[in-house]
Structures are given as structure tokens and as C-alpha cells.
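# Examination of the molecular architecture
Chain by chain, the residues run as shown.
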Amino acid sequence: MTSTHVPDQRTRHEHLIEIYRKVVTVRFAELRIRGHVEAEGFGGFWHPGIGQEGLQVGAIAAMQPADYLYYAHRGLGYAYAKGMDLTALFGDLLGRAVGSTGGKGGGTVHFASAEHGVLGQGGTLGSNFVLGAGTALASQLLGDGRVTVVFFGDGAAARGTWHEAAIQASVWKLPVVWVCENNGWALSARFEDQSPTPNVADRAPAYGMPGVIVDGQDAMAVMDVTAQAIDRARRGEGPTLIEAKTLRIRGHYEGDRQPYRQDQVQGDEIPNDPVHRLGEHIAVEERRAIDAEARRTVEEAFDAALAAPRPDRSVIFEDVWA
Ligand SMILES: Cc1ncc(C[n+]2csc(CCOP(=O)(O)OP(=O)(O)O)c2C)c(N)n1
Ligand SMILES: [Mg+2]
């Protein structure tokens, strides 16, 4: 794969540095949130995305700022990669007024920013398939040149909403890219036990679209395949289904003791760690400087969110459509 598909004129190494900076920032954010959940508890469920940051940041690196994003529930890497402010993201998680939704949501599925094209998620898995087809249809009708990217897990891929959205998007050649994060688990169900095909991507031909499998721990490879899929969508040639193979490192939610799981990764070891994969290509001194800066950014943003006030009760009926 050449660098012709990267979304602007920076060199491939400059892209790698920028992706590394984001991936490592998300990694520190993951660790900071875990520490907080362990020490203080958490009002809701935190679904860790640790180990999956590379594919989230890599895919989103191929998007243009105006493109639309529907993220999945594993962490905040998607929203951060799309340009949202870390303090706002932590604010939403911690139920603080500085959150992007004013801290009203709480939990992993309640970030949103129209300005950044981050259109949110829902508590009902798979609702974003049809919403994603919807914004892609809007872009097609308006001719605004935007592409919608929808993230989802291997478990969510079994929802009926997937069938509706995927078939319609292909028939109408809507500008949408489907990115499945196959981490091998859907809560306590192993992928092998809930899928009739060895790969989610195997289902793509039935919908008349390409199905592409990529190593989800290789952020640059994910950027490349996503850039190709986005180019295709923007040219009016319709959707692509990308399956990024990854691993669920932690429990379904932080605190899940995983009694159903035998393959548990021990300690903090992350096999095929996306941070290390990228870091190998960066000079040690430069990498250390990026790491230190990322750690500082995360600490400052987390402290700022923690120190912020909780939303006033009076805002509860704001932003409600009725
Ligand atoms: C329609 C629906 N069914 C069930 C749930 C509960 N639930 C939340 S996450 C999850 C597992 C999803 O697995 P997958 O899509 O593979 O994503 P992962 O958690 O592995 O990232 C389940 C069953 C839900 N939120 N919505
Ligand atoms: Mg899964």
C-alpha cells in the first residue's frame, strides 16, 4: 500500500507521529479512567478500549474533519481522534458540566459534538447502523461530499438493524464506511460461538460490497484500508465493510471479573500492542517527549474535569426534543 491514500500531503512518517501521539494519549486516558474507577467507582459502566486504540485512531485519521462519525462503546479514542477536547470527554464520563453533553449523559455512549461531526451513540447497540445510513443519505441528497463512518463490535454485527442499513446503503451506494472492531467477544459470548462465518467481513458479498480484513493492532494499515474505503465512498461507489481484528484486553466493563473467560490476558500485557507497533518507528528521544506530553495532557484534562461543577438540575429538560 502506498501513501497516496493518506488524506493530505504530510509524509507518511509525519502521519505516523501524529497517530502515535493520539494513540498514546488515548492509552494514558484509558489508564487514568481505570485508576479512577478502581479508586472512586463510577456512575455507570466504563467499557475499556485499551488495546483497541490503534484501530480507532488509525481509521479516524483517514477521515476529513467534516465527515460524520458514529462511534462504538469501547472507550473515548474515537471521539478524541475526531478532534474532541479531552476535558469535555472526561467531563461527560464524570457527569460534569464541562462535558460535551453538559455532563447529562454519563458513560461511554454519551459524547457528541456537531462541530466535530461526532454524532453520538445510543444505549441500544446497533442503533447507529440506521442512523449512519441516514446521514450518508443526507450527504448524498445534499451533495455535501461528506462520508459517514460507523464503528461497531462483532456482537452488534448480528443486529437486525445491520441488515436493514447495510442492504439499503449498498443499493443506493451511500457514502458510508462500516468499521467492525472484532475483539473476539460480545460480553461473555465468544465470537466463534455467535458467528456462523469465521469473519464478519465474509458477509459483505451478500450486500454487494467489498469486505476487507485488516490487523487492528496495526494503526497505519487500518488508516490505509479506511482511506481507500472512504475514497471509494466519496467517489459515489458505495460502502465498504472493514473488519479490524483486535483483542478485548479487559473485561466487558471495568470490574467484570470474566468468570466465563479462560484466555485472559495477564496483568498489563497487551499482545501485539498498537502503541509499541507505532513506537518502533520513532526515535527513542522523540518518543519519550511525546509520551511525557501525552501524560501531562491527560492529567491536566482529567483534573480539570474532576474540578468542574456538576450540571444544575434545571438543565434536565434542555436539549430534549418533544
Ligand atoms: C440491543 C442491545 N443488546 C444488548 C445490549 C447489551 N450489550 C452492551 S455491549 C454488549 C456486547 C457487545 O459486543 P460487541 O458488539 O462485540 O462489542 P464489544 O463490547 O466487544 O466492544 C451487549 C450485549 C445493548 N446495549 N443493546
Ligand atoms: Mg466484541
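### Focus on the sheet that holds strand β7 (residues 240–245)
Here we have five strands laid out as an open sheet, ordered β1-β2-β3-β7-β6, and parallel in their pairing. Single-partner strands in this sheet number two, and they are β1 (68–70) and β6 (211–215). Neighbour-to-neighbour, the strand axes of this sheet turn through a mean angle of 20 degrees, independent of strand direction. When strand β3 (residues 176–182) meets β7, the two strands line up parallel, connected through six bridges. Within the sheet, the bridge partner assigned to N182 lies in β7 and is K245.

### Some points on the site of ligand 1
Around ligand 1, 18 residues are found, and the nearest of them are L125, G153, G155, A156 and A186. Per-class residue counts for the shell around ligand 1 are six nonpolar, eight polar and four charged.

### With respect to the nonpolar core
Formed by 84 residues in total, the largest nonpolar core has its most connected members in L69, L89, V176, V177, V179 and I242. Ranked by the residues each element gives to this core, the list is headed by helix α8 (residues 219–234), at nine residues. Setting aside chain neighbours within four positions, we find V176 in contact with G132, A133, A136, V147, T148, V150, A169, A233 and P239.

### Quick look at the packing of helix α2 (residues 53–61) against α8
Two elements in contact, α2 and α8, have axes whose closest approach is 7 Å; the angle formed by their N-to-C orientations is 35 degrees. The handedness of the crossing between α2 and α8 is right-handed. Between α2, through G54, L55, V57, G58, A59 and A61, and α8, the contact on the second element is made entirely by A219, M220, V222, M223 and T226. The residue inventory of the contact of α2 with α8, partitioned by class, reads eight nonpolar, three polar and no charged.

### Some words on the packing of helix α1 (residues 12–40) against α8
Two numbers describe how α1 lies on α8: the axes approach to 10 Å, and their chain directions differ by 115 degrees. When the axis of α1 is compared with that of α8, the two are roughly perpendicular. The two elements α1 and α8 meet at a crossing, and its hand is right-handed. Two secondary-structure elements touch here, α1 through L16, I19 and V23 and α8 through A219, M220 and M223. Residues of the contact of α1 with α8, tallied by class, amount to six nonpolar, no polar and no charged.

### Section: α1
Quick reminder: α-helices carry 3.6 residues per turn. Residues three or four places apart thus point the same way. An ideal rise of 1.5 Å per residue puts 42 Å on 29 residues; α1 measures up with 41 Å between its terminal C-alpha atoms. Of the residues flanking the end of α1, it is G41, one or two places downstream, whose phi is positive at about 80 degrees.

### Regarding the confidence of the model for the chain
Per-residue confidence for the chain averages 93 on the pLDDT scale, and 96% of its residues sit at or above 70. Summarising per-element confidence for the chain, the mean pLDDT is lowest in helix α4 (residues 86–94) (94) and highest in β7 (99).

### Notes on the environment of L93
Residue placement: L93 occurs in helix α4. Using a count of 27 C-beta atoms within 10 Å as the deciding quantity, one classes L93 as buried.

### Details of helix α6 (residues 160–171)
For α6, built from twelve residues, the straight-helix expectation of 16 Å at 1.5 Å per residue is met to within 8% by its first-to-last C-alpha distance of 17 Å. When α6 is considered as a whole, its buried residues turn out to be W162, A165, A166, A169 and S170. One side of α6 holds all its buried residues, which, seen down the axis, span an arc of 120 degrees. When the buried face of α6 is taken as reference, the exposed residues oriented beyond 90 degrees from it are G160 and V171.

### Regarding unusual backbone geometry
For Q258, which is not glycine, the phi dihedral falls at a positive 55 degrees. With respect to the element layout, Q258 can be found in the loop between β7 and α9 (274–279).

### Things to note about the environment of D263
As for its position among the elements, D263 is in the loop between β7 and α9. Sequence spacing of D263 and I249 is 14 residues, and the spatial spacing of their C-alpha atoms is 9.9 Å.

Procedures and definitions
Residues numbered from 1 in each chain as written. Chains lettered and ligands numbered in written order. Predicted model: local features only at pLDDT ≥ 70, side-chain atom pairs only at ≥ 80, totals over all residues. Pairing = 2+ DSSP bridges. Helix = DSSP H or I, 4+ residues; strand = E, 2+ residues; numbered from the N terminus. Axes fitted to C-alpha atoms, helices over the stretch in contact; angles between N-to-C directions. Near = placed C-beta within 6 Å. Nonpolar A, V, L, I, M, F, W, Y, C, P; charged D, E, K, R; others polar. Core = buried A, V, L, I, M, F, W, Y, C linked by C-beta atoms within 7 Å. Buried ≥ 20, exposed ≤ 12 C-beta atoms within 10 Å, placed from the backbone. Contact = placed C-beta atoms within 7 Å. Left-handed = near helix turned anticlockwise from the far one by under 90°. Parallel < 35°, antiparallel > 145°, perpendicular 65-115°, else oblique. Expected span 1.5 Å × (residues − 1). pLDDT = per-residue confidence, 0-100. Arc of directions from axis to C-beta.

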